[in-house]
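Chain by chain, the residues:
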Amino acid sequence: MFRMKILISNDDGYLAPGIVALAEALSAVAEITVVAPDSNRSGASNALTLDRPLSVYRADNGFYFVNGTPTDCVHIALTAIMKDKPDLIVSGINQGQNMGDDTLYSGTVAAATEGYLFGIPSIAFSQVDKAWTCLDSAARIAREIILRGFPSLDQPFLLNVNIPNIPYEKIKGIHSTRLGKRHTSEAVIRAQDPHGRDIYWIGPPGAAKDAGEGTDFYTTSRDYVSVTPLQVDLTNARQMQQLIADLS
Ligand code: MN
């Protein structure tokens, strides 16, 4: 019988409850390999570590962990650790939402993007709230979404999934969405170190600005799971035409 091979990564680190729950939910239906950062690398985006070598370690539960970024993990998994190419790459379940502009900063989305750039269908999973509540519900939803297979989508696909932190029975359904948009980030937090020098903590992301119908924000706020298909090409096609005029 065909058994799907799935590579699992995240940005919260290999010990995070979200990746443990995801691995547990998927091990019943697939042959899984887990390769994740050794520590929390949330906000790492698509960074590759190029200024030092990377090491791979193996935990007692079989998870591999790397002293690098989420993108490093998927890159090394595909090029050095796994004998066969996986059928699917999944990332998460992240502690907290990756909606709208978050997708550009997210290490969770980045791990999936790295798989997608290697030509493998990839899905990023995040819980809307950070409290790790109803994680069993999110893991069950993630498994259901994976088992759908998405035969209508072009291969490879890149999906960004956000799951409300509510019990499984309370989830109203799963909707295809577009990314919303956030306001500018909240102010940086300035403090002083013991030597009297100014130090800065990056502030939290801004509130939702475009949370209109059809967005990830709108959908999850109404107790639906949001699935947004992503692409990597950042070209602004409309401005490309305008630019022709300005450059002629
Ligand atoms: Mn994270």
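The structure under discussion appears in the preceding block.
To keep things clear, this report deals only with the structure shown in the data block.

**Notes on helix α5 (residues 135-148)**
Side chains that are three or four residues apart share a direction in an α-helix, a result of its 3.6 residues per turn.
Reasoning step 1: Across its 14 residues, α5 extends 20 Å between first and last C-alpha, which sits within 8% of the 20 Å expected from 1.5 Å per residue.
Reasoning step 2: Listed in full, the buried residues belonging to α5 are Leu-135, Ser-137, Ala-138, Ala-139, Ile-141, Ala-142, Ile-145 and Ile-146.
Reasoning step 3: Looking one or two residues beyond α5, the residue adopting positive phi is Gly-149, at roughly 80 degrees.

**Re the sheet that holds strand β4 (residues 64-66)**
Reasoning step 1: Here 9 strands make up an open sheet; going across it, the order is β3-β4-β2-β1-β5-β6-β7-β13-β8 and the pairing mixed. At either end of the open sheet lies a strand with only one pairing partner, and these are β3 (56-58) and β8 (173-176). If you compare each strand with its neighbour and ignore which way they point, the axes differ by 25 degrees on average.
Reasoning step 2: Direction of pairing for strand β7 (residues 158-163) relative to strand β13 (residues 224-229): antiparallel, over a ladder of 4 bridges. Of the residues in β13, the one forming a bridge with Val-161 is Val-227.

**A few points about the pairing of strand β10 (residues 189-192)**
Reasoning step 1: Examined bridge by bridge, β10 and strand β11 (residues 198-201) share 4 bridges and lie antiparallel to one another. Following the sheet pairing, Arg-190 is matched in β11 by Tyr-200.
Reasoning step 2: Linking β10 back to β11 in an antiparallel pair, the connection comprises 5 residues, with Gly-196 at a positive phi of about 85 degrees.

**So, unusual backbone geometry**
Reasoning step 1: Backbone torsion omega between Gly-92 and Ile-93 reads 0 degrees, so that peptide bond is classified as cis.
Reasoning step 2: When you line up the elements, Ile-93 lands in strand β5 (residues 88-94).
Reasoning step 3: One non-glycine residue with positive phi stands out, namely Ser-45, at about 50 degrees.
Reasoning step 4: Among the secondary structure elements, Ser-45 is positioned in the loop between β2 (30-37) and β3.
Reasoning step 5: Even without being a glycine, Asp-223 presents a positive backbone phi close to 70 degrees.
Reasoning step 6: Counting through the fold element by element, Asp-223 comes out in the loop between α6 (216-221) and β13.

**Digging into the environment of Pro-229**
Reasoning step 1: Inspection of the secondary structure assignment puts Pro-229 in strand β13.
Reasoning step 2: Residues Pro-229 and Thr-79, 150 residues apart in the sequence, show an inter-C-alpha distance of 26 Å.
Reasoning step 3: Discounting residues that sit within four places of it in the chain, Pro-229 has contacts with Leu-158, Leu-159, Ser-176 and Thr-177.

**Focus: the layout of surface pockets**
Reasoning step 1: Considered as a void within the structure, the largest pocket measures approximately 710 Å³ in volume.
Reasoning step 2: The set of elements that each furnish at least two residues to the lining of the largest pocket consists of α3 (102-105), α4 (107-117) and β9 (181-182).
Reasoning step 3: Counted by class, the lining of the largest pocket contains 7 nonpolar, 16 polar and 8 charged residues.
Reasoning step 4: Along its surface, the second largest pocket is lined by 18 residues, and Thr-103, Leu-104, Gln-231, Val-232 and Leu-234 are the ones closest to its centre.
Reasoning step 5: Residue contributions to the lining of the second largest pocket peak at 3 residues, all from α4.
Reasoning step 6: Here the residues of the lining of the second largest pocket sort into 9 nonpolar, 8 polar and 1 charged.

**Some points on the packing of aromatic side chains**
Reasoning step 1: A complete count under the given rule lists 3 aromatic pairs for this structure.
Reasoning step 2: Each ring, one from Tyr-57 and one from Phe-65, has its centre 5.3 Å from the other, and the planes form 25 degrees; the classification is stacked.
Reasoning step 3: Between Phe-150 and Phe-157, the ring centres sit 5.7 Å apart and the planes meet at 70 degrees, which makes this aromatic pair edge-to-face. The same class applies to Phe-150 as to Phe-157, namely buried.
Reasoning step 4: Ring pairing ties together the aromatic residues Tyr-14, Tyr-57 and Phe-65, which thus form one cluster.

What counts and what doesn't
Residues numbered from 1 in each chain as written. Predicted model: local features only at pLDDT ≥ 70, side-chain atom pairs only at ≥ 80, totals over all residues. Heavy atoms only, no water. Helix = DSSP H or I, 4+ residues; strand = E, 2+ residues; numbered from the N terminus. Expected span 1.5 Å × (residues − 1). Buried < 20%, exposed > 50% of the residue type's maximum accessible area, 1.4 Å probe, protein only. Pairing = 2+ DSSP bridges. Axes fitted to C-alpha atoms, helices over the stretch in contact; angles between N-to-C directions. Contact = heavy atoms within 4.5 Å. 1 Å grid on protein atoms, 1.4 Å probe; cavity = no way out; pocket = protein on both sides within 12 Å on 5 of 7 lines; lining within 4 Å. Points joined across faces, edges and corners; volume = space filled by probe spheres on them. Nonpolar A, V, L, I, M, F, W, Y, C, P; charged D, E, K, R; others polar. Phe/Tyr/Trp six-rings, centres within 6.5 Å; stacked < 30°, edge-to-face > 60°.

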